[in-house]
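Given next are the chains, with one letter for each unit.
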Amino acid sequence: MDFKRFEIRGPALIQPKMIGDDRGFFMEAFKSQWFRENIEDVTFVQDNQSLSRQSGTIRGLHYQKAPVGQGKLVRCLKGAIFDVAVDIRPDSATFGQWVGEILTAEKGEQLWVPEGFAHGFCTLMPDTEVFYKVTNPYSREHDAGVAFDDPDIGIVWPTDLSVAVLSDKDRVQPSLSSLR
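Residues numbered from 1 in each chain as written. Predicted model: local features only at pLDDT ≥ 70, side-chain atom pairs only at ≥ 80, totals over all residues. Heavy atoms only, no water.

Peer 1: In this structure, what is going on with the sheet that holds strand β9 (residues 98–104)? I would like to understand it.
Peer 2: In any sheet, the strands associate via hydrogen bonds between backbone groups, in a parallel or an antiparallel arrangement. Pairing is antiparallel across the open sheet formed by five strands, whose spatial order is β9-β8-β11-β6-β13. A single partner strand is all that each edge strand has here, and the edge strands are β9 and β13 (143–145). Pairwise comparison of adjacent strand axes, ignoring direction, gives a mean angle of 30° for this sheet. (Pairing = 2+ DSSP bridges. Helix = DSSP H or I, 4+ residues; strand = E, 2+ residues; numbered from the N terminus. Axes fitted to C-alpha atoms, helices over the stretch in contact; angles between N-to-C directions.)

Peer 1: Explanation requested: the nonpolar core in the structure shown.
Peer 2: A general trend in soluble globular proteins is that nonpolar side chains are found buried together. Counting 19 residues, the largest nonpolar core has L61, V86, I155 and W157 as its most contacted members. Residues I8, L13, V74 and F121 belong to the second largest nonpolar core, which totals 16 residues. (Core = buried A, V, L, I, M, F, W, Y, C linked by side-chain atoms within 4.5 Å. Buried < 20%, exposed > 50% of the residue type's maximum accessible area, 1.4 Å probe, protein only.)

Peer 1: I'm lost on the pattern of salt bridges in this one. Help?
Peer 2: Any two side chains of opposite charge can pair if their charged atoms end up close together. Going through the model one piece at a time under the given rule, you end up with nine salt bridges. Between D87 and R89 there is a salt bridge, and its shortest N-O distance comes to 2.7 Å. For the pair D87 and R89, a shared accessibility class is recorded, and that class is buried. (Salt bridge = Lys/Arg side-chain N within 4 Å of Asp/Glu carboxyl O.)

Peer 1: Explain the sheet that holds strand β7 (residues 72–78) here, please?
Peer 2: Taken in spatial order, the six strands of this open sheet run β1-β2-β10-β7-β12-β5, and their pairing is antiparallel. Strands at the two margins of the open sheet, each flanked by one partner only, are β1 (2–5) and β5 (46–52). The mean angle between the axes of side-by-side strands here comes to 20°, regardless of whether they run parallel or antiparallel. Of the pairings in the sheet, the one linking β1 to strand β2 (residues 12–15) comprises four bridges and is antiparallel in character. Pairing of R5 across the sheet is with A12, part of β2.

Peer 1: Explain the side chain of T135 here, please?
Peer 2: Note on placement: T135 falls in the loop between β12 (128–134) and β13. According to the relative accessible area criterion, T135 is buried, its value standing at 15%. Within the structure, T135 has its side chain in polar contact with the backbone nitrogen of G71 (distance 2.7 Å). Sequence-distant contacts of T135, defined by excluding residues within four places in its chain, comprise V42, T43, F44, V45, G69, Q70, G71 and W112. (Polar contact = N/O pair within 3.5 Å; in protein donor to acceptor, adjacent residues only side chain to side chain. Contact = heavy atoms within 4.5 Å.)

Peer 1: Honestly, unusual backbone geometry in this entry has me stumped. Any pointers?
Peer 2: The omega torsion of the bond from G60 to L61 falls at 15°, within 30 degrees of zero and hence cis. Backbone torsion omega between A66 and P67 reads 10°, so that peptide bond is classified as cis. Positioned with a positive phi, D127 is a non-glycine residue whose angle comes to about 55°. Locating D127 in the fold gives a position in the loop between β11 (117–123) and β12.

Peer 1: What should I look at first to understand the packing of aromatic side chains in this one?
Peer 2: For the coordinates displayed, the defined rule picks out eight aromatic pairs. A ring pair is formed by F44 and W112, whose centres lie 5.9 Å apart and whose planes are at 90°; its orientation type is edge-to-face. Here the residue F44 occupies a position in the loop between α1 (32–38) and β5, and W112 occupies one in strand β10 (residues 110–113), the gap between them amounting to 68 residues. Taking relative accessible area as the criterion, F44 reaches 17% and is therefore assigned buried. Here the aromatic rings of F82 and W157 are separated by 6.1 Å at their centres, their planes lie at 85°, and the arrangement is edge-to-face. Linking F82 in strand β8 (residues 80–87) with W157 in the loop between β13 and α2 (168–171), this pair joins segments that are 75 residues apart in sequence. Across the pair, W157 and F82 agree in class, each one buried. Members of the aromatic cluster, connected to one another through ring pairs, are F30, F35, F44 and W112. Cation over ring: K133 sits above F30, and NZ or CZ is 5.2 Å from the ring centre. (Phe/Tyr/Trp six-rings, centres within 6.5 Å; stacked < 30°, edge-to-face > 60°. Lys NZ or Arg CZ within 6 Å of the ring centre and 35° of its normal.)

Put into C-alpha cells, the structure is as follows:
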C-alpha cells in the first residue's frame, strides 16, 4: 500500500495495490499492522456502509464528540465520491481547514479521517456505495455536525449546492464558529 499525508496533520490518502488481469482485480483493502505502523495506532470496532441513489448527494459534515470520537477509514465500493475531512480541533493551528480527495471504486483509494475531524462527502455518480471502518461505535448522544456550506470553511463542492440532495439534519447543522 502507498499513502500520502497532507499539510493538515492527521488525515492520509491510502492507495492499496491492485493486481488485475482479464478476470478483474484483487487487492488487500486493509491490513491492521500496516495501518498501525504507517497511519495511526487505532482499533476499528464497527463497519458502516451507505448507498446514495442520486449524484450530487452530500452527506455531512459529521463527527462524534468526546469521549467517543470516531476516526474513519473511508472507501467507495461503487461509483465515486468527493470525500472531505475538516479539522475541528479547537486548539489546532489548522482549525477550519480541510482536505478533499476523489475516491473511486475503480481505483480503491481510501481516506483516513482521524478523530478531531468532521467528515462529509458528495456523490459524483448515481447509486454510489461508501464503506467505512470506525474507531468507536455510533452514539446518538455524541453525534454532531457542522454546516457543509459554512463560508468559514469554504469547501468547494463539485455540485450545484442549490440542487444538492441533503438530509433535513444536514441542512441545519451549526457553523464552525460554534465549536470554539
